[in-house]
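# Residue-level structure breakdown
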Amino acid sequence: MKFTKSVLLAAAAIMACACEKEIATTETPQNAESSEIVCIDGTLHFANNNVFYQTIERLVSNANEKEYLYTFETQYGFYSLAHHVDDIYDQLELSESENQYHQIIEHNRQYLSIDDKTGTIYPAVDALGYAMVANIDGVYFIGNTRYKVMPTHLEVHSLDKTRSGSSNCELLVYAQRQNITRNSNTDIYINRTFNTSDRKIAVQAQVFTYYTVSGQQNGVNVYDVNYKLQFHLSGYKKSWFTGNWRNYKTLLSLNNLVFRYAIPTANGSVVHPEDYWKSSYYKYGDDASYKSSKEVKNFYVNFDLPEIYHNRKNPYMPELLTMRFKAFCRGMGDRGLVVNHGDLCGYAPLQ
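Quick look at the structure, then. As the structure is a prediction and not an experimental result, all values here were calculated from the model.

If you walk through the whole model with that rule in mind, you get 1 cavity of 30 Å³ or more. Taken as a whole, the largest cavity encloses approximately 120 Å³ of empty space. Ala 82, Asp 86, Pro 123, Leu 128 and Tyr 300 are the residues nearest the centre of the largest cavity, which is lined by 14 residues in total. Looking at the lining of the largest cavity, the elements that each hand over two or more residues are α3 (81-94), α5 (128-131) and β17 (298-304). For the lining of the largest cavity, the leading source of residues is α3, giving 4 residues. A breakdown of the residues in the lining of the largest cavity according to their chemical character gives 9 nonpolar, 2 polar and 3 charged.

A word on the pattern of salt bridges. Once their charged atoms are close, side chains differing in charge can pair, the charge on each being opposite to the other. The full count for this structure, using the stated rule, is 11 salt bridges. Across the pair Lys 297 and Asp 90 runs a salt bridge whose closest N-O atoms are separated by 2.6 Å. Of the two residues, Lys 297 sits in the loop between β16 (281-291) and β17 while Asp 90 sits in helix α3, which places them 207 residues apart along the sequence. Among the salt bridges present, the one from Arg 109 reaches Glu 106, with a minimum N-O distance of 3.0 Å. Given a relative accessible area of 38%, Arg 109 falls into the partly exposed group. Salt bridges here are not isolated pairs; linked through shared partners, they connect Glu 65, Glu 67 and Lys 294.

We now examine the pairing of strand β13 (residues 220-238). The element β13 is extensively covered by neighbouring structure, given that 17 of its 19 residues are classed as buried. Note: strand β12 (residues 199-217) against β13, 18 bridges, orientation antiparallel. If you follow Val 213 over to β13, its bridge partner there is Tyr 223. Remark: 2 residues form the turn of the hairpin made by β12 and β13, two consecutive strands paired antiparallel; Asn 218 in that turn has positive phi of roughly 55°. Bridge count between β13 and β17: 7 bridges; the pairing is antiparallel. Residue pairing for β17: Ser 234 is matched across the bridge by Asn 298. As defined by bridge partners, β13 adjoins strand β14 (residues 245-247) across 3 bridges and the pair is classed as antiparallel. Opposite Tyr 236, over in β14, you have Asn 247 as the bridge partner.

Two numbers describe how helix α1 (residues 49-61) lies on helix α2 (residues 66-76): the axes approach to 8 Å, and their chain directions differ by 145°. The segment α1 lies against α2, with Thr 55, Arg 58 and Leu 59 engaging Tyr 68, Leu 69 and Phe 72. When grouped by side-chain class, the residues that make up the contact of α1 with α2 number 4 nonpolar, 1 polar and 1 charged.

A few words on the packing of aromatic side chains. A complete count under the given rule lists 14 aromatic pairs for this structure. Taking the centre distance of 5.1 Å and the plane angle of 65° together, the rings of Phe 259 and Phe 303 count as edge-to-face. Taken together, the residues span a long stretch of sequence, with Phe 259 in strand β15 (residues 252-262) and Phe 303 in strand β17 at a distance of 44 residues. Comparing Phe 259 with Phe 303, the two get one shared label, buried. These aromatic residues form a ring-pair network of at least three members: Phe 46, Phe 52, Tyr 53, Tyr 140 and Tyr 147.

Each pair of packed helices gets described by two things: the angle between the helix axes and the distance between those axes. Relative to each other, α2 and α3 sit at 125°, their axes nearing to 10 Å. Of the possible angle classes, the one that applies to α2 and α3 is oblique. As α2 packs across α3, the resulting crossing turns out to be left-handed. Contacts between α2 and α3 pair Lys 66, Leu 69, Tyr 70 and Glu 73 from the former with Ala 82, His 83 and Asp 86 from the latter. Each residue belonging to the contact of α2 with α3 can be placed in one class, and the counts come to 3 nonpolar, 1 polar and 3 charged.

Our next topic: α2. Of the residues making up α2, those classed as buried are Leu 69, Phe 72 and Glu 73. On an axial view of α2, the arc spanned by its buried residues comes to 100°, and they lie on one face. Residues of α2 that are exposed and point over 90 degrees away from its buried face: Thr 71, Thr 74 and Gln 75. Elements that come into contact with the buried residues of α2 comprise β3 (37-40), β4 (43-46), α1 and α3. The positive-phi residue at the C-terminal boundary of α2 is Gly 77, with phi of around 65°.

Parameters at a glance
Residues numbered from 1 in each chain as written. Predicted model: local features only at pLDDT ≥ 70, side-chain atom pairs only at ≥ 80, totals over all residues. Heavy atoms only, no water. 1 Å grid on protein atoms, 1.4 Å probe; cavity = no way out; pocket = protein on both sides within 12 Å on 5 of 7 lines; lining within 4 Å. Points joined across faces, edges and corners; volume = space filled by probe spheres on them. Helix = DSSP H or I, 4+ residues; strand = E, 2+ residues; numbered from the N terminus. Nonpolar A, V, L, I, M, F, W, Y, C, P; charged D, E, K, R; others polar. Salt bridge = Lys/Arg side-chain N within 4 Å of Asp/Glu carboxyl O. Buried < 20%, exposed > 50% of the residue type's maximum accessible area, 1.4 Å probe, protein only. Pairing = 2+ DSSP bridges. Axes fitted to C-alpha atoms, helices over the stretch in contact; angles between N-to-C directions. Contact = heavy atoms within 4.5 Å. Phe/Tyr/Trp six-rings, centres within 6.5 Å; stacked < 30°, edge-to-face > 60°. Parallel < 35°, antiparallel > 145°, perpendicular 65-115°, else oblique. Left-handed = near helix turned anticlockwise from the far one by under 90°. Arc of directions from axis to C-beta.

This is the structure:
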């Protein structure tokens, strides 16, 4: 994973946000500078952007080995948002009645994204790079900047006060949640399910944006902006007593994967909307397959997308052109969730 491109964030993607009052008078603890990563009052403080990106690279690369995250937390005396959601999943699995199951859900609504139609449950913050370093309130620090991750937005709060005495706060969109349709390539989010009589597989495929402040230009924050495509698979079993679906530990696999995005890349000149796709395609194919090595509730596959061009007026996003895969959970036999989206570029559609 490379996090190198420094860009000026599009003004259209920035909204003023109301930050917590105590933040405006908070100073970065002095001992946060004594180490590359320290935990202060349950919150991680990273010395700089490079340390942050190197950390999430290691964590995301080992996302399917929970012990890796737990060892990291123990090292710094820290309890992450991702770990907290894992604990909620465990509580749901061990619940002894439907009433208890739904009580756990209602008590933890702020941490969960629930599709009542399909019975699927995802973390409200499903971008692993953020969830693994944020505390249960979604907060972490890089240098003198406070970040708070929410389900689709990142609150960026500079602790350097302005001349007016208030601190700089911006709200950035890092996740788009519009599900694609058969006739639309403009969205970047797939949320599909498939079930047999007693097993269900659910897959989310989504591009997440990772922001870090790299400086200021003419009073406007300059950001390092990077994109990651994340597949999240989860398996469900139908309860014989109630008929409801329960997330459970199983073997999960993502097979015959092909995807292609149009990427608006920087070329040193002004990019015009009508032609900025012309020579900027990113393709991954060869029928790649990924399988969980052990029974898990959730299985992740992540890909870095190339550097993407931005300017202040037009926040270009990658455009999904092709997506093809078949996803399974154990117990489905040779049946599974099939996605054949867009122009498959010579690849055979899956059945």
